[in-house]
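# Summary of the model geometry
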Amino acid sequence: MDHATPSSAATPALARVTKAACVGGGVIGGGWVARFLLAGIDVAVFDPHPEAARIVGEVVANAEAAYAALTDAPLPKPGTLTFRASIAETVAGADWIQESVPERLDLKRSVLAEIDAAARPDALIGSSTSGLLPSDLQAELRHPERFFVAHPYNPVYLLPLVEIVGGKATARETISEAIRLIEPTGMKGVAIDREIEAFVGDRLLEALWREALWLIKDGICDVETLDDVIRYSFGLRWAQMGLFQTYRIAGGEAGMRHFLGQFGPALQWPWTKLTDVVDLDEALVDRIASQSDAQNEGLSIRRLERIRDQNLVGILQALKGGDDGRGWGAGKLLADFEQGLWRQASAEAAGADALRPLTVRVSPSWIDYNGHMTEHRYLQVLGDATDQLLRFIGVDLAYVEAGASYYTVESHLRHLGEAKLGDRITATSRVLSFDGKRLHLFHRLTRSADGATIATGEHMLLHVERASGKAAPAADTILRRIAALAAAQAHEAAEAEAGRAIRPATPPADHAAAAAEANTSNRG
Ligand SMILES: NC(=O)C1=CN([C@@H]2O[C@H](COP(=O)(O)OP(=O)(O)OC[C@H]3O[C@@H](n4cnc5c(N)ncnc54)[C@H](O)[C@@H]3O)[C@@H](O)[C@H]2O)C=CC1
Ligand SMILES: C[N+](C)(C)CC(=O)CC(=O)[O-]
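Here the residue numbers are simple positions, counted from 1 along each chain's written sequence. Chain letters start at A and ligand numbers start at 1, both assigned in the order the entries are written. Only residues with pLDDT of at least 70 are given local features in this predicted model, and only at 80 or more are side-chain atom pairs given and counted; all residues enter the totals for whole chains, interfaces and linings. The side-chain numbers reported here are obtained from all heavy atoms of the structure, hydrogens and water having been left aside.

The protein appears in an unreviewed UniProt entry as L-carnitine dehydrogenase from Jiella avicenniae. UniProt positions are given in the numbering used here, feature names are shortened, and annotations may be inferred rather than shown by experiment. What the UniProt record of the protein gives under Catalytic activity (unreviewed entry) is the line "carnitine + NAD(+) = 3-dehydrocarnitine + NADH + H(+)". Under the UniProt heading Subunit (unreviewed entry), the entry covering the protein gives this text: "Homodimer."

Rendered as structure tokens:
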């Protein structure tokens, strides 16, 4: 496709998006709002729907719950969300404007014209359209060179793909800028070389959907069976490898040529009705709607969304461990995103003049059969507090990559209270003692709502040379930071709970005798 050259080549490139505008806050607009907010980007929204704020708020709440389970990496402080009364107010000053209004060419064109008139000339404007051509959408814009289709997948805050499609008047640089600027939100922008209705993903989905409707209409199966066929088989495959990589494996050692030779001719057989469009008459709509009602009995849309999100989080985390832990597909993207978050947190911690407490929220996957936060999650939060302190003293990813780190060699965890689903908990950390190789820490976990201590953790860490795995003195710069932190904390009251051991229990007399007897017979 011919792309225009940018009209303002002298404009310096934007370092990152800090202000986004979302025009349309429905299923997809709400998802974009959450994606931007959770990446620390401020978002202004315009949507004339009287309940837009409630709807967007519910999507954002779902997204927050999903992110709490998705990653332990330090997410940035969420951006601020504001609702505006007009498109002009919404887009003023925004770096990235995302249009997500209903799929009608006339409506989208008039909304885009309003956006174009009020936006900064260098602001990027993306449309969420599922199928309309970018050339048609940009035809009447004053600055069409900064317009493109940014087609996401539902839920936008968890599925990372966004198809970036330029029209005839889109500048080539706009496409590469869009891909670069969307990356810090955890998304993967994929440039589609030539514009075509429905781009790539929806072409494939539509083919499948068309065939599925025929299978239902012809009474071959019901909607539940059709969904089972997908989710128990190739649905699982497609989350981790696409069509071509999967079929390469299906060709066995002889590979893709063999696969094409064996199964290609089958395409000539009458297996598919893809070219015929099913007539969605009342009878078929009734059949599908009633089968769908039966399939989802007792499951509200919000519950289905939560189930979907929890499953997606699990899949993404599993993919993070793929390829022997290097990460695979969307899991590799998540791992790279988290590395970026850790680097950002390291840079912020190294520049900070005081150690900040760590605050986390108890997520659904942290709850056990007793209905409260399960044991190992306490250690996870304490470990994260240790990491936060290490970053503050300069033991960041660069230090670790250069060959040294602190390893925890002993921990004493005391459970003093319960944390329930959704509770915010805060970890404050102290240096109790240190020398060249050892670092002795104490963390206190409190429930943010009432300040009650729910756990304490006391840990001994050893500074280690990673290649040999042996203890070695820490760098002077690190020791100086530890000394400064310890001095800054010296005025705080001593931790009375520090240095405690677990005292052995003494059984009551009658049980003690039984225990002694059992002990003797076990030895015999
Ligand atoms: N729902 C999906 O699965 C996907 C939808 N898309 C695309 O996203 C876009 C939006 O679709 P949905 O979010 O599903 O629709 P939706 O109906 O959930 O949301 C549309 C929103 O736009 C608002 N709206 C209507 N006129 C407006 C105007 N003049 N200015 C601002 N807001 C206005 C409505 O009040 C509504 O909240 C469409 O282009 C669609 O093709 C893209 C990917 C997936
Ligand atoms: C149904 N749809 C065409 C709007 C779907 C999409 O565009 C992408 C998705 O999320 O499946």
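So, next bit.
With that out of the way, let us pick up the site of ligand 2. Each residue is tested against the molecule or strand, and it is near if at least one of its non-hydrogen atoms lies within 4 Å. Every residue lining ligand 2 is accounted for by Ser130, His151, Tyr153, Asn154, Asp202 and Leu205. In protein, a polar contact means a hydrogen-donor-capable atom and an acceptor-capable atom, both N or O and within 3.5 Å, with residues adjacent in sequence counting only if both atoms are side-chain atoms; elsewhere, any N or O pair within 3.5 Å suffices. His151 places a polar side-chain atom, nitrogen or oxygen, 2.7 Å from an oxygen atom of ligand 2. In this structure, an oxygen atom belonging to ligand 2 sits 2.7 Å away from a side-chain N or O atom of Asp202. Here the accessible surface of atoms and residues is derived via Shrake-Rupley with a 1.4 Å probe, and residues count as covered only by protein chains that are part of the display. Starting from 320 Å² of accessible surface for ligand 2 in isolation, the protein chains cover 52%. Each residue belonging to the shell around ligand 2 can be placed in one class, and the counts come to two nonpolar, three polar and one charged. Polar here means any residue outside two lists: the nonpolar Ala, Val, Leu, Ile, Met, Phe, Trp, Tyr, Cys and Pro, and the charged Asp, Glu, Lys and Arg; Gly therefore counts as polar.

Strands here are runs of E lasting at least two residues and helices are runs of H or I lasting at least four, both read from the DSSP assignment and numbered beginning at the N terminus. Structurally, Asp42 is set in strand β2 (residues 42–46). Accessibility expressed as a relative area gives 31% for Asp42, which makes it partly exposed. Non-local contacts of Asp42, meaning those with residues more than four positions away in its chain, are made with Thr18, Lys19, Ala20, Gly79 and Thr80. Engagement of the side chain of Asp42 in a polar contact is seen with the backbone nitrogen of Thr80, the distance being 2.8 Å. Buried, partly exposed and exposed residues are distinguished by accessible area as a fraction of the type maximum, computed with a 1.4 Å probe on protein chains only: under 20%, between the cut-offs, and over 50%, respectively. Residue contacts follow a heavy-atom distance rule, with two residues in contact if any of their heavy atoms lie within 4.5 Å.

Of all residues adjacent to ligand 1, which total 23 residues, the nearest are Ile28, Asp47, Glu103, Lys108 and Ser130. Within the side chain of Ser130, an N or O atom sits 2.5 Å from an oxygen atom of ligand 1. Out of a free accessible area of 830 Å², ligand 1 has 73% covered by protein chains. Mapped onto the shell around ligand 1, the elements with two or more residues apiece are α1 (27–38), α4 (105–118) and β6 (147–152). The greatest single-element share of the shell around ligand 1, amounting to three residues, is contributed by α4. Broken down by class, the residue content of the shell around ligand 1 amounts to 10 nonpolar, 10 polar and three charged.

This part covers empty space enclosed by the protein. Lining residues are defined by having an atom within 4 Å of a point belonging to a cavity or pocket. Those points lie on a 1 Å grid over the protein atoms alone, cavities being sets where a 1.4 Å probe fits but cannot get out and pockets being open sets with protein on both sides within 12 Å along at least five of seven lines. Grid points are joined across faces, edges and corners, and a volume is the space filled by probe spheres set on the points. All chains considered together, the criterion is met by one cavity of 30 Å³ or more. Taken together, Arg35, Tyr67, Leu70, Tyr157, Leu158, Pro160, Gly186, Leu316, Ala330, Leu333, Leu334 and Phe337 make up the full set of residues lining the largest cavity. Elements that contribute at least two residues to the lining of the largest cavity include exactly α2 (52–70) and α13 (330–351).

Okay, the confidence of the model for the protein next. If pLDDT is low for a region, its predicted coordinates should not be looked at in detail. What pLDDT conveys is the predictor's confidence in a given residue, as a value from 0 to 100. With 97% of its residues at a pLDDT of 70 or more, the protein shows a mean pLDDT of 92. This stretch, residues 6–10, has a pLDDT under 50; its non-local contacts, to residues over four places away or in other chains, come to four contacts. Overall fold confidence for the complex sits at a pTM of 0.82, while the interface term, ipTM, reaches 0.99.

A separate point is the pairing of strand β11 (residues 424–434). Here four bridges tie strand β9 (residues 358–361) to β11, and the two strands are oriented antiparallel to one another. When the sheet's bridge partners are listed, Arg361 is paired in β11 with Arg424. Two strands form a pair only when DSSP identifies at least two bridges running between them. Counting the residues in the hairpin turn of β11 and strand β12 (residues 438–447) gives three residues.

Cross-referencing UniProt, the feature "domain: 3-hydroxyacyl-CoA dehydrogenase NAD binding" (unreviewed entry) maps to residues 19–192 in the present numbering. Strand forms 21% of residues 19–192 and helix 38%; the C-alpha atoms that close the span are 26 Å apart.

As a further point, take the packing of aromatic side chains. Aromatic rings in a pair are described by how distant their centres are and how their planes are angled relative to each other. Working definition: rings of Phe, Tyr and Trp (its six-membered ring) pair if their centres are within 6.5 Å, and the pair is stacked with planes under 30 degrees apart, edge-to-face with planes over 60 apart, and tilted otherwise. As enumerated under the stated definition, the model contains six aromatic pairs in all. Measuring from centroid to centroid gives 5.5 Å for Trp96 and Phe148, while their planes differ by 80 degrees, and the two rings are edge-to-face. Placement of Trp96 in strand β4 (residues 96–99) and of Phe148 in strand β6 is noted, with a sequence separation of 52 residues between them. For the pair Trp96 and Phe148, one class covers both residues: buried. In this structure an aromatic cluster arises from ring pairing among Trp32, Phe36, Trp96 and Phe148. The ring of Phe392 has Arg481 lying over it, and the distance from NZ or CZ to the ring centre is 4.7 Å. Working rule: Lys NZ or Arg CZ, within 6 Å of ring centre, within 35 degrees of ring normal, means a charge sits over the ring.

The next point concerns the UniProt feature "domain: 3-hydroxyacyl-CoA dehydrogenase C-terminal" (unreviewed entry) in the protein. The positions that UniProt labels "domain: 3-hydroxyacyl-CoA dehydrogenase C-terminal" (unreviewed entry) are, in the present scheme, residues 199–265. In residues 199–265, helix accounts for 75% and strand for 0%; the two terminal C-alpha atoms are 27 Å from one another.

For the rest of this paragraph, the subject is the pattern of salt bridges. Salt bridges are defined by distance alone: a side-chain nitrogen of Lys or Arg within 4 Å of a carboxyl oxygen of Asp or Glu. With the rule as written, the count across this model stands at 28 salt bridges. Residues Lys108 and Glu99 are paired through a salt bridge, measuring 2.5 Å at the closest nitrogen-oxygen approach. The exposure classification of Lys108 matches that of Glu99, with both residues buried. Residue Lys108 is joined to Glu103 by a salt bridge in which the shortest nitrogen-to-oxygen separation is 3.8 Å.

Quick look at the side chain of Thr71 now. Examined against the element boundaries, Thr71 turns out to sit in the loop between α2 and β3 (81–83). Residue classification places Thr71 among the buried residues on the basis of a relative accessible area of 7%. Separated by 2.9 Å, the side chain of Thr71 and the backbone nitrogen of Ala73 make a polar contact. Setting aside anything within four residues of it in sequence, one finds Thr71 in contact with Gln317 and Glu338.

What follows concerns the sheet that holds strand β1 (residues 19–23). Spatial strand order, β3-β2-β1-β4-β5-β6-β7-β8: eight strands in an open sheet with mixed pairing. Pairing within the sheet leaves two strands with one partner each, and these edge strands are β3 and β8 (188–191). The mean inter-strand angle of the sheet, taken between neighbouring strand axes irrespective of direction, is 25 degrees. As defined by bridge partners, β1 adjoins β2 across five bridges and the pair is classed as parallel. Orientation is described by lines fitted to C-alpha atoms, with helices fitted over the stretch in contact, and by angles between N-to-C directions that extend from 0 to 180 degrees.

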